[in-house]
Amino acid sequence: MKDMGVPGIMRFSRMGKKRRPRKKNASLGPPLECNSRLRELMATHYLLSRYAQGAKPVAWVTSGAPVEILRPFGFYTFYPENHGALCGAQKMGPELCAEAEEHGYHQDLCSYARIDLGHYFSGKTPVGRLPKPDLLFASNNICQTVVYWYKALAEYWKIPLILFDTPYNFREISKADISYMVRQLEEMIPLLEQISKRRFRYKRFREIVGIAKEASLTWGEVLSTMKARPSPMTIFDAFTHLAPIVSLRGLPAALEHYRALLAELEKRVAQGVGAIKNERWRLMWDNIAIWYKMRDFANLFAERGMNFVTATYTNAWTETIGYLDETKPFESMAKAYSLVILNNNLDHRLQLMERLIQEFQVDGLVIHSARSCKPYSVGQYDLKRLITERLEIPTVVIEADITDSRAYSEEQAMVRLEAFFETLEG
Amino acid sequence: MNYFGGIDVGAISTEAVIIDEGDGISGYSIVETGANSTDAADEAFGKALLAAGIHRDAVTYIAATGYGRVSVPLANKTVTEISCHALGAKYLFPNTGTVIDIGGQDSKVIRVGDSGKVLDFTMNDKCAAGTGRFLEVMASKLRVSLEEMGELSLHAKAEAHISSVCTVFAESEVVSLVAKNQPKEEIIKGLNRAITNRVWGMVKAVGVYVPVTMSGGVAKNRGVVTLMEEKLGKPIRVYAEPQIVGALGAALFARKQSREGM
């Protein structure tokens, strides 16, 4: 059965086995119809990736890289971070991280990186098999770790690595910064032609930039439906439905998916259907999801009538995309990709969080301090203090990790969350 | 007369406090938690009843707090220790702005608002650095009691430098200081400094809102309190029995809950 591929996501591996019926949480509203659509879409993506090898050039890409430039060359793109999240949700994080640690990688290294390197050493994955890349494509707009992680992969596989270097935005982005980034994109083209053995088609490229922009804007509209009371979905749904905008950006499939999801959510809003039955409090989430705790947290908060209606994380894939412009694809990409939340200053982040709190009528803020993600977690205590003082809403920090559950202590997290609930409920 | 009980089942010790409808603590007790939270809660509560000189039936409502709060069948309600320390400290020192609680397994810094509401808080991460456990490990290494650690450090002529906040690494630093015959008092002062610096970082994260009240077992260590006062530049309030502040807060919650209707 495993040979059919993607057993984990398609749940093929469970075929014929008796499934323990999962107790439905009475506090949750009806599940989204688009969930099965998403599962099929992502399963197909992982399944096809296995057959891409040899048929198409394969690129492994970081989540913040300007993937639109690869698409005209027909690259099949694969996202190790998305795969890492999947491993985390399947509770395989510690096992894969340990594989990397056995080869000398330190526990303090990002667990997405450790999972990916762990996969390299062991071949373990919940999706059957990953396609071997012909090219690695990284941008340091999300962190510096990706640079060294991808350098390691490039060395192991003896394949080229293209790095898109984005200057950090301390105050304002300069013209020199933009032209520095545009030059890099232009210089990539002959390399990409060589690797893919295809000529660059500028017209096609512009179309792709247009599709990517449209999909990101639609994703933004999807998130905006959560302004409604009650919110038609929870942030835990959004964390899952984030996969296409990360992994399939620039492809029509992502756009189609978000149009379908948006239609469903708008219908829910019109009918007053909430993601949780009794929405009493509206919360904001900061940082990447704790993938192995998604279901537990969804239930825990729903039972208390608390719904996460916005997150800086899900917002990241729509925040700067408005800058994209098909008529100036290179310049606009430089701007859109260098101004992402993790490459932008803390003042910006504070303003963004304050705006989201107001627009989504947020009553409380839960901050995940992720051991893996230093660029996301640094400054969180300052942000917390400033938001508590300025907006007078309760906030809490929980220390955990995105996929390595060994860095999470249930008892300690629960004490913090319960104290937060007590403050919120007064 | 109706009485209300608060039981705080901590990592090292368990406390019970009984209050009446008026303004007084009728009785309290402190016992070791040992291996069973339920037994420790029963024992502490029984002793507090004896101290108060009242019968079990006179206590109409009980709230439990601390790590073992879910294992207290006696309790009508559970409340987190963060809310309890805030309320307890506010009751003892009504204008408290910040509570620093250093317990056996946790240290926390709580910003308290009017009527004892928690406005903000932070706790140590998943590590014993900056907790009572840190001092407990060092006390056993140096063969002194926890109570002596405060007094001894106040008489130190100099101070040993402890660079690590990690309990395990600091312990090996202590081993090498002992090997060099550094006086015990000086090592203890260095240890008190290490824990103070660690907790001070948490105070700064929440923001300094004076007056500051300290609670928890480590508040009995005059050495730590003095160093913390030096950092703050202002005196810190410490109740005569700082260990019972959490249980007192729980008892106050019990009384509040009872008044608001069960």
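Scoring rules and cut-offs
- Residues numbered from 1 in each chain as written.
- Chains lettered and ligands numbered in written order.
- Predicted model: local features only at pLDDT ≥ 70, side-chain atom pairs only at ≥ 80, totals over all residues.
- Helix = DSSP H or I, 4+ residues; strand = E, 2+ residues; numbered from the N terminus.
- Rg over C-alpha atoms; globule rule 2.2 N^0.38 Å.
- Contact = placed C-beta atoms within 7 Å.
- Buried ≥ 20, exposed ≤ 12 C-beta atoms within 10 Å, placed from the backbone.
- Pairing = 2+ DSSP bridges.
- Domains from an automatic or database assignment.
- Core = buried A, V, L, I, M, F, W, Y, C linked by C-beta atoms within 7 Å.
- pLDDT = per-residue confidence, 0-100.
- Nonpolar A, V, L, I, M, F, W, Y, C, P; charged D, E, K, R; others polar.
- Axes fitted to C-alpha atoms, helices over the stretch in contact; angles between N-to-C directions.

Description of the overall build of chain B
Alright, step 1. Of regular secondary structure, chain B possesses eight helices and 10 strands.
Alright, step 2. Over its C-alpha atoms chain B spans a radius of gyration of 18 Å, differing by no more than 12% from the 18 Å that the globule rule assigns to 262 residues.
Alright, step 3. The dimensions of chain B, computed from C-alpha atoms along their principal axes, are 60 × 35 × 30 Å.
Alright, step 4. For chain B, contacts bridging at least 24 residues in sequence account for 69% of all contacts bridging at least 6.

What about the overall build of chain A?
Alright, step 1. Within chain A one finds 18 helices and eight strands.
Alright, step 2. On C-alpha atoms alone, chain A measures out to a radius of gyration of 21 Å, which is about the 22 Å that the 2.2 N^0.38 rule sets for 426 residues.
Alright, step 3. The principal-axis extents of the C-alpha atoms in chain A amount to approximately 65 × 55 × 45 Å.
Alright, step 4. The buried share of chain A, reckoned over its 426 residues, is 50%.

Some thoughts on the sheet that holds strand S8 (residues 118–123) of chain B
Residues and elements named next belong to chain B.
Alright, step 1. Reading across the sheet, the five strands line up as S8-S7-S6-S9-S10 and stay open at both edges, with mixed pairing between neighbours. Whereas interior strands pair on both sides, the edge strands pair on one side only; in this sheet they are S8 and strand S10 (237–238).
Alright, step 2. One ladder, built from two bridges, connects strand S9 (residues 212–215) with S10; its direction is parallel. Bridged to methionine 214 within S10 is valine 238.

Describing the domain arrangement of chain B
All names here are of chain B.
Alright, step 1. When its domains are assigned, chain B resolves into domain 1 (1–93 + 240–262) and domain 2 (96–238).
Alright, step 2. On the side of domain 2, 23 residues touch domain 1, which itself brings 19 residues to the contact.
Alright, step 3. If you list the elements that add at least two residues to the side of domain 1 that touches domain 2, you get helix H2 (81–92) and helix H8 (245–259).

Remarks on the nonpolar core
Alright, step 1. Counting 203 residues, the largest nonpolar core has Met284(A), Ile7(B), Val17(B), Ala250(B) and Ala251(B) as its most contacted members.
Alright, step 2. If you tally residues by element for this core, the top one is helix H8 (residues 202–224) of chain A, at nine residues.

A short note on the confidence of the model for chain A
Do not read the predicted coordinates in detail wherever pLDDT is low.
Alright, step 1. Per-residue confidence for chain A gives a mean pLDDT of 93; residues scoring 70 or more make up 95%.
Alright, step 2. A low-confidence stretch, residues 1–7 of chain A stays under pLDDT 50, and its non-local contacts, those more than four residues away or across chains, total 19 contacts.

Looking at the interface of chain B and chain A
Alright, step 1. Taken together, the contacts link 16 residues of chain B with 15 residues of chain A.
Alright, step 2. Broken down by secondary-structure element, the contributors of at least two residues to the side of chain B that touches chain A are H2, S8 and helix H6 (184–206) of chain B.
Alright, step 3. Ranked by the residues each element gives to the side of chain B that touches chain A, the list is headed by S8(B), at six residues.
Alright, step 4. Here the residues of the side of chain B that touches chain A are counted per class, giving nine nonpolar, four polar and three charged.

Here we look at helix H13 (residues 312–319) of chain A
Residue and element names in this part refer to chain A.
Alright, step 1. Counting buried residues along H13, six of its eight residues qualify, which places the element largely inside the surrounding structure.
Alright, step 2. Every buried residue belonging to H13 is among Thr312, Tyr313, Thr314, Ala316, Trp317 and Glu319, and all of these are buried.
Alright, step 3. Here the buried face of H13 lies against H8, helix H9 (235–241), helix H10 (243–247), strand S5 (281–286), strand S6 (306–311) and helix H15 (346–359).

Some thoughts on the environment of Asn95(B)
Alright, step 1. Within the element layout of this structure, Asn95(B) appears in the loop between H2 and strand S6 (98–102).
Alright, step 2. Counting along the chain gives 117 residues from Asn95(B) to Val212(B), while the straight-line C-alpha distance between them is 9.0 Å.

What to know about the sheet that holds strand S7 (residues 364–370) of chain A
All names here are of chain A.
Alright, step 1. Ordered by their spatial adjacency, four strands build an open sheet running S6-S5-S7-S8, and the pairing between neighbours is parallel. Each having just a single partner strand, S6 and strand S8 (395–400) make up the two edges of the open sheet. Averaged over all adjacent pairs, the angle separating strand axes in this sheet is 30°, with direction ignored.
Alright, step 2. The strands touched by helix H17 (residues 380–391) are S5, S7 and S8; relative to S8, the strand with the most contacts, the crossing angle is about 165°.

Here's the deal with the environment of Gly104(A)
Alright, step 1. Mapped onto the elements, Gly104(A) comes out in the loop between helix H4 (93–102) and helix H5 (111–122).
Alright, step 2. Between the C-alpha atom of Gly104(A) and that of Leu424(A), which follows or precedes it by 320 residues, the distance is 44 Å.

Observations concerning unusual backbone geometry
Alright, step 1. Note the cis peptide between Arg229(A) and Pro230(A), where omega equals -5°.
Alright, step 2. Structurally, the position occupied by Pro230(A) is in the loop between H8 and H9.
Alright, step 3. Put simply, Val210(B) and Pro211(B) share a cis peptide bond, and its omega is -10°.
Alright, step 4. Structurally, Pro211(B) can be placed in the loop between H6 and S9.
Alright, step 5. Residues other than glycine seldom take positive phi values, yet Lys91(A) does so here, at roughly 60°.
Alright, step 6. Note on placement: Lys91(A) falls in the loop between helix H3 (80–89) and H4.
Alright, step 7. At Arg143(B), a residue that is not glycine, the phi angle is positive and equals roughly 55°.
Alright, step 8. As for its placement among the helices and strands, Arg143(B) is situated in the loop between helix H3 (132–142) and helix H4 (146–154).

Brief notes about the pairing of strand S1 (residues 58–61) of chain A
Residues and elements named next belong to chain A.
Alright, step 1. Residue alternation in S1 divides its side chains into two sets, Val58 and Trp60 and Ala59 and Val61, and both sets are buried.
Alright, step 2. Alignment of S1 against strand S2 (residues 76–78), held across three bridges, turns out to be parallel. Residue pairing for S2: tryptophan 60 is matched across the bridge by phenylalanine 78.
Alright, step 3. Sheet topology places S1 next to strand S3 (residues 135–139); three bridges connect them, and they run parallel. Counted as the bridge partner of valine 61 is phenylalanine 137 from S3.

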